[in-house]
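# Analysis of the macromolecular model
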Amino acid sequence: MRTIPIQLPETVFSALRKNPEEFIQEMRIAAAVKWYELGDISQAKAAEIAGLTRAEFINALSRYQVDFMQYTAQELAQELANAD
């Protein structure tokens, strides 16, 4: 895993009432959720970015009030057609 330093003002951690490690983890989850919601990344990749299992990521989606299914009508029809 690659480590990338990020600089944040000391005052930001109190915004979420989290210590720096918890704050960074929440940033990873929030970014992954948003990118997934926008359709930029898959659910599996989002879970990887967030540092979560797929099940944990689905729970995070619920916490952020984002639907876990991000299919278009055409993609859903294709998935259903391939279900056999």
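Right above here is the structure, for reference.
What follows covers the environment of Y64. Counting through the fold element by element, Y64 comes out in the loop between helix 3 (54–63) and helix 4 (73–81). For Y64, a relative accessible area of 30% puts it in the partly exposed group. Considered as a pair, Y64 and A30 are 34 residues apart in the sequence and their alpha carbons are 8.1 Å apart. Setting aside residues up to four positions removed in sequence, Y64 forms contacts with E26, I29, A30 and V33.

A few words now on the packing of aromatic side chains. Scanning the entire structure with this criterion turns up 2 aromatic pairs. Ring centres of F13 and F23 lie 5.3 Å apart, and the angle between their planes is 85 degrees; on these two criteria the pair is classed as edge-to-face. Taken as a pair, F13 in the segment before helix 1 (20–37) and F23 in helix 1 lie far apart in primary sequence, 10 residues in all. Judged by its relative accessible area of 11%, F13 is buried. Geometrically, the ring pair formed by Y36 and F57 is edge-to-face, given 5.8 Å between the ring centres and 85 degrees between the ring planes. With a gap of 21 residues between them, Y36 in helix 1 and F57 in helix 3 connect regions that are remote in the sequence. Of the residues examined, Y36 reaches a relative accessible area of 6% and is grouped as buried.

Non-glycine residue R17 carries a positive phi angle of around 55 degrees. Inspection of the secondary structure assignment puts R17 in the segment before helix 1. The exposed category is assigned to R17, whose relative accessible area is 77%. Although it is not a glycine, Q65 sits at a positive phi angle of roughly 60 degrees. One can find Q65 in the loop between helix 3 and helix 4.

Mapped onto the fold, Q43 is located in helix 2 (residues 43–50). Exposure remark for Q43: the relative accessible area of 11% places this residue in the buried category. When neighbours within four sequence positions are excluded, Q43 is seen to be in contact with Y36, R54, F57, I58, L61 and F68.

We now examine the packing of helix 2 against helix 3. Viewed as axis vectors pointing N to C, helix 2 and helix 3 meet at an angle of 90 degrees, and their least axial separation amounts to 9 Å. By the criterion of interaxial angle, the relationship of helix 2 to helix 3 is roughly perpendicular. Residues Q43, A44, A46, A47 and A50 of helix 2 form the contact with helix 3, whose own contacting residues are R54, F57, I58 and L61.

Cut-offs and rules
Residues numbered from 1 in each chain as written. Predicted model: local features only at pLDDT ≥ 70, side-chain atom pairs only at ≥ 80, totals over all residues. Heavy atoms only, no water. Helix = DSSP H or I, 4+ residues; strand = E, 2+ residues; numbered from the N terminus. Buried < 20%, exposed > 50% of the residue type's maximum accessible area, 1.4 Å probe, protein only. Contact = heavy atoms within 4.5 Å. Phe/Tyr/Trp six-rings, centres within 6.5 Å; stacked < 30°, edge-to-face > 60°. Axes fitted to C-alpha atoms, helices over the stretch in contact; angles between N-to-C directions. Parallel < 35°, antiparallel > 145°, perpendicular 65-115°, else oblique.

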